[in-house]
Amino acid sequence: MSSDCLFCKIASGDIPSTRVYEDDVCLAFEDLHPQAPTHILVIPRQHVASMDTAGTEHKEMLGHLLLAAAKIARDKGFAEDGYRTVINTNGDGGQTVFHLHVHLLGGRQFVFPPG
Ligand code: 5GP
Ligand code: ZN
């Protein structure tokens, strides 16, 4: 836990969030400013700042986040229609919260490449 990290505080429950899934490795909650009808953030319980600071020791956790996102999409019923998973990294990547997270977006058509 990083004491000044927003998502660590959400993971500990110090800051409220609308949780949609959790297990021993990760939790998922609704994004405060949704960019799609469904916009969920999947985060590890462990504080890792970004993909830029992730290492081979995080291999299992990273796979876990993606599989959790896929399960949430199936459970919420939009997997077959399709969805977008996004990991923003550092400034040019548009990262604003430096606790690694997977955006799970669904419920509308997405364009590629994203802006
Ligand atoms: P990033 O820009 O780092 O890829 O994504 C950070 C995301 O966190 C943004 O989509 C933003 O809307 C969301 N966010 C920022 N602060 C909060 C908060 O306090 N609660 C929740 N649920 N989401 C937040
Ligand atoms: Zn954190």
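Notes on the structure in this doc start here. (Residues numbered from 1 in each chain as written. Chains lettered and ligands numbered in written order. Predicted model: local features only at pLDDT ≥ 70, side-chain atom pairs only at ≥ 80, totals over all residues. Heavy atoms only, no water.)

Notes on the environment of L66
Then, number 1: Assignment of secondary structure puts L66 in helix α2 (residues 59-76).
Then, number 2: Between the C-alpha atoms of L66 and A79, which are 13 residues apart in sequence, the distance is 13 Å. (Helix = DSSP H or I, 4+ residues; strand = E, 2+ residues; numbered from the N terminus.)

Notes on the nonpolar core
Then, number 1: Of all hydrophobic cores here, the largest spans 17 residues; its most connected members are V42, L65, I72 and L104.
Then, number 2: Those elements giving two or more residues to this core turn out to be β2 (26-30), β3 (38-44), α2 and β5 (102-106).
Then, number 3: Top contributing element to this core by residue count: α2, with seven residues.
Then, number 4: Apart from residues lying up to four places away in sequence, V42 is in contact with C26, L27, A28, L65, A68, A69, I72, L100, H101 and V102.
Then, number 5: Core analysis: the second largest hydrophobic core is formed by ten residues, C5, F7, C8 and A11 among them. (Core = buried A, V, L, I, M, F, W, Y, C linked by side-chain atoms within 4.5 Å. Buried < 20%, exposed > 50% of the residue type's maximum accessible area, 1.4 Å probe, protein only. Contact = heavy atoms within 4.5 Å.)

Looking at α2
Then, number 1: For α2, with 18 residues, the first-to-last C-alpha span of 26 Å sits near the 26 Å given by 1.5 Å per residue.
Then, number 2: Turning to α2, its buried residues number three or more, namely M61, L62, L65, A68, A69, A70, I72 and A73.
Then, number 3: For α2, the secondary structure elements touched by its buried residues are β1 (19-22), β2, β3, β4 (83-86) and β5.
Then, number 4: Following α2 by one or two positions, G77 has its phi on the positive side, about 90 degrees. (Expected span 1.5 Å × (residues − 1).)

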